[in-house]
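Notes for the structure review
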Amino acid sequence: MPESKTNNTKNASYAKFKKGAYFFVAPYGAPLPTDNSTELDAAFKNMGFMGNGGFVFSSSSSTNTGRDANGDAIATSAGEVEKTLQCVFRELKAAGMKVVYGQDNVTDENGVLTVHDKGPNSEVYSGVIEALLDDGRKDRKVIPQMVPNQLGSETMSYTELVGKDMTFAVLLDGELGDYYVDYIDSTETAAADE
């Protein structure tokens, strides 16, 4: 299919998430998917239901500006980059709580889930989010390196589901050179097997 010369409403979409499971986390170093259809490695664990705000990906960057003796800008270079992923864990289960609070701070034994809150967790993980666009196209977002380093509010109320707010620092992966990789079904090219 040739590249479209006009705007296409199929390329504008809301995001929903794959029924049954949509946020998976594995220890850093687990094999990452390289498409949006291959089954995830067994190291990726389902994090359960997430908050209705979905996933918020934030980015900030700065620019270094070089100036001459008159104060005129004569050169620029990229400065600091910071990327984060914020979400709310709605399911109280061992796999998710281990990511939020640290692997050694959570046990699920003899019918009791025990969670020790010792502050931010510095363990490094990889993540995958399975989204579906309006027309059923798949959007798999791969996060090669993320650290759950900022605990947010915890909600306990009869008017709102229990939730544990977490912000992950997203790191530039040294091997891949990426913060994120998205694998989105295209509206402009056909799949190789078609």
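Here the residue index of a chain counts from 1 through its sequence in written order. Whole-chain, interface and lining totals are the exception, using all residues; otherwise, since this is a predicted model, local features are given only for residues with pLDDT of at least 70 and side-chain atom pairs are given and counted only at 80 or more. With hydrogens and water excluded, all non-hydrogen atoms of the structure serve as input to the side-chain values.

1. With respect to the overall build of the protein chain
The secondary structure listing takes helices from DSSP runs of H or I that are at least 4 residues long and strands from runs of E that are at least 2 residues long, numbered from the N terminus. When you go through the protein chain residue by residue, the secondary structure sums to one helix and 11 strands. Along the chain direction, N to C, the helices and strands of the protein chain fall in the order β-β-β-β-β-α-β-β-β-β-β-β. Along the three orthogonal principal directions, the C-alpha set of the protein chain runs to about 65 × 55 × 40 Å. Residue contacts are counted whenever heavy atoms from the two residues lie within 4.5 Å of one another. Relative to all contacts within the protein chain whose residues are 6 or more apart in sequence, the contacts with residues 24 or more apart total 62%. Summed over its atoms, the accessible surface of the protein chain is roughly 12,100 Å², and 49% of this surface lies on carbon and sulfur atoms. Asp and Glu count as negative and Lys and Arg as positive, but His and the ends of the chain are not part of the count. Throughout, a charge is located at the NZ atom of Lys, the CZ atom of Arg, the CG atom of Asp or the CD atom of Glu. With 17 positive and 29 negative side-chain charges, the protein chain shows a separation of 5 Å between the mean positions of the two kinds. Accessible areas in this description were obtained via Shrake-Rupley with a 1.4 Å probe; residue shielding takes into account the shown protein chains only.

2. Structural notes on the side chain of T167
Take T167: it is sitting in strand 10 (residues 160–170). Look past the residues within four positions of T167 in its chain and what remains in contact with it is T84, L85, Q86, V147, P148, N149 and Q150.

3. As for the environment of F24
One can find F24 in strand 2 (residues 23–27). Sequence-wise, F24 and P120 are 96 residues apart; in three dimensions their C-alpha atoms are separated by 20 Å. Apart from residues lying up to four places away in sequence, F24 is in contact with L40, F44, K45, N46, S126, G127, V128 and E130.

4. Observations concerning unusual backbone geometry
For residues that are not glycine, phi is negative in most cases, and the peptide bond is trans in most cases. Here the phi dihedral of N110 falls at roughly 50°; this positive angle occurs in a residue that is not glycine. Tracing the sequence through the fold places N110 in the loop between strand 6 (106–109) and strand 7 (112–115). You can call N110 exposed: its relative accessible area is 81%. Only protein chains enter the area calculation, which uses a 1.4 Å probe; residues under 20% of their type maximum are buried, those over 50% are exposed, and those in between are partly exposed.

5. Brief notes about helix 1 (residues 94–101)
In an α-helix, one full turn covers 3.6 residues, which means residues spaced three or four apart are oriented alike. With respect to burial, helix 1 is a largely interior element, six of its eight residues being buried. Among all positions of helix 1, only A94, G96, M97, V99, V100 and Y101 are buried. Positive backbone phi, at 110°, marks G102, one or two positions downstream of helix 1.

6. Side note on the packing of aromatic side chains
Two aromatic rings are characterised by how far apart their centres lie and by the angle between their planes. Ring pairs are drawn from Phe, Tyr and Trp, using the six-membered ring of Trp, whenever the two centres fall within 6.5 Å, and their geometry is named by plane angle: stacked under 30 degrees, edge-to-face over 60, tilted for the rest. Under the definition given, this model contains six aromatic pairs. Taking the centre distance of 6.4 Å and the plane angle of 85° together, the rings of F23 and F168 count as edge-to-face. You can see F23 sitting in strand 2 and its partner F168 sitting in strand 10, a full 145 residues away along the chain. Owing to a relative accessible area of 0%, F168 belongs among the buried residues under this scheme.

7. A word on the pattern of salt bridges
For side chains bearing opposite charge, pairing can occur when the charged atoms are close. When a carboxyl oxygen of Asp or Glu is within 4 Å of a side-chain nitrogen of Lys or Arg, the pair counts as a salt bridge. Under the criterion given, the structure shown has six salt bridges. The salt bridge involving D135 is made with R137; its shortest N-O contact spans 3.2 Å. Classification of R137 as buried rests on a relative accessible area of 10%. The partner of K141 in a salt bridge is D182, with the nearest N and O atoms 2.8 Å apart. One end of the pair, K141, is in strand 9 (residues 138–157); the other, D182, is in strand 11 (residues 181–184), and 41 residues separate them in sequence. It is possible to trace a salt-bridge network through shared partners that takes in D35, E130 and R140.

8. Overview of the environment of P120
Mapped onto the fold, P120 is located in the loop between strand 7 and strand 8 (125–133). Take P120: its relative accessible area is 55%, and that puts it in the exposed class. What P120 contacts, discounting residues up to four positions off in sequence, is P148, N149 and L151.

9. Here's the deal with a nonpolar patch on the surface
Each patch is built from salt-bridge-free residues with over 30% relative accessible area, joining like charges within 9 Å and nonpolar side chains (Val, Leu, Ile, Met, Phe, Trp, Tyr) within 5 Å. A cluster of nonpolar side chains, contributed by L92, L113 and V115, occupies part of the molecular surface with about 220 Å² of accessible area. Structurally, the position occupied by L92 is in the loop between strand 5 (73–89) and helix 1.

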